[in-house]
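# Survey of secondary and tertiary structure
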Amino acid sequence: MSSNTNLDIWLAGAFAAFTVDLLVYPLDTLKTRLQSQNYEKLYKNTNGSANRSLFRGLYQGVGSIILITIPSSGAFFTTYEALKHGLDGLVPPNSSIYLPQPAIHAVASGGAELVSCAILTPAEVLKQNAQMLSSGKRGSTSLEVFKTFRKQPARLWRGYTALAARNLPFTGLQFPAFESLKTYFMARRKARKGAPVDGILERASITAMSAGIAGSGAAWVTTPIDVVKTRIMLAASVDDPPPKQEVKGKPSSFLMHGIQGSRKSGLAVAKEILNTEGVRGLFRGALLRGCWTALGSGLYLGCYEGGRFYLESTRKDVKEGDHLMGRDWSNVKVGVGSSRSQEVVKKSAWQED
């Protein structure tokens, strides 16, 4: 286990989130617009070509996501590292119970995602609705979207289940593959050069490559859940219509729709997409999502790993620099007993008389 503190892990995760959000946010905006139910209406011309508005305002909503992603990413990595090292105690020789390493990484990342999603969901709802606003609006698009939630702020958490349903399988697939690939590339590098990886830049590069490969595959597989999540979050800003009057002899609206009224479940949204757009609708934006996730995951985990080991090495240097101050001087005797100088120095001639 590394000598990083929880503060180190939190700072490294926050720095990674901030860096990635600024660099790959435009790709995320394009993905949201491609997956929107209004894509054909808003972003395509009559001849089938993409409208210029698709590429305008690509940083809309970035403010809200940066403010919330920093604490949510810090919470994710703190929880992930704590669970990962805590579950290591279930592996022999520490325990008679055998838990495979991929299972440890999957459980640790899943628990971390549940914590992170609770913090991230409101910002994700604001972000995706801001990404769909017309780029001609003045002022903060995030604040513009937030106004629609003032009367019912609870709707900001409407997509939590969908976000967790996407992120849990995504991290469950990504992190075991990422940890395995990183271990493989680290061992291969050690065998080639005869020494373990100790440079921060080299370690970050290997981590980024491993994360990019693992992230792109996991992103492709989980694209249908991501499309459903996008539709649910975009619909959160639309006011629910008033409940219909029950007709005598017909089932009650509670039995038909449940306590959520007109809100659609993820399964209902998925069925609707299949009926209207087919399987291609569920995989809309899969290629773009796979590419930007490879880039984003590589930068995200690469920056996190580099930042974590930089903070660790800095702390070690400080400790080594203070080794004289930290030394135990209790057994050192000064001016007591014989010394080497006393043994070799002879009396002078006048002292012998």
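Residues numbered from 1 in each chain as written. Predicted model: local features only at pLDDT ≥ 70, side-chain atom pairs only at ≥ 80, totals over all residues. Heavy atoms only, no water.

What follows concerns the nonpolar core. Of all hydrophobic cores here, the largest spans 17 residues; its most connected members are I65, V125 and F149. Those elements giving two or more residues to this core turn out to be α3 (62-87), α4 (101-131) and α6 (160-193). Ranked by residue count, the leading element in this core is α4, at six residues. Here this core spans two domains, and each of domain 1 (1-157) and domain 2 (161-237 + 265-324) adds at least three residues to it. Ignoring any residue separated from it by four or fewer positions in sequence, one finds F149 in contact with V125, L126, N129, R155, L156, A236 and S237. Listed in part, the 15 residues of the second largest apolar core include I9, A12, F178 and C303. (Core = buried A, V, L, I, M, F, W, Y, C linked by side-chain atoms within 4.5 Å. Buried < 20%, exposed > 50% of the residue type's maximum accessible area, 1.4 Å probe, protein only. Helix = DSSP H or I, 4+ residues; strand = E, 2+ residues; numbered from the N terminus. Domains from an automatic or database assignment. Contact = heavy atoms within 4.5 Å.)

Residues annotated by UniProt as "transmembrane region" (unreviewed entry) correspond here to residues 7-27. In residues 7-27, the share of helix is 100% and the share of strand is 0%. The end C-alpha atoms are 30 Å apart. (UniProt positions renumbered as here; feature names shortened; annotations may be inferred.)

Here the focus is α6. Compared with an ideal rise of 1.5 Å per residue, which puts 34 residues at 50 Å, α6 spans 47 Å between its outermost C-alpha atoms and is within 8% of the ideal. Immediately beyond the C-terminal end of α6, within one or two residues, lies G194, with a positive phi of roughly 75°. (Expected span 1.5 Å × (residues − 1).)

So, about the packing of helix α1 (residues 6-35) against α4. For the pair α1 and α4, interaxial distance at closest approach is 9 Å and the crossing angle is 75°. With respect to α4, the axis of α1 lies roughly perpendicular. On the side of α1, the interface is formed by Y25, D28, T29, K31, T32 and R33, while α4 contributes K127, Q128 and Q131. Per-class residue counts for the contact of α1 with α4 are one nonpolar, four polar and four charged. (Axes fitted to C-alpha atoms, helices over the stretch in contact; angles between N-to-C directions. Parallel < 35°, antiparallel > 145°, perpendicular 65-115°, else oblique. Nonpolar A, V, L, I, M, F, W, Y, C, P; charged D, E, K, R; others polar.)

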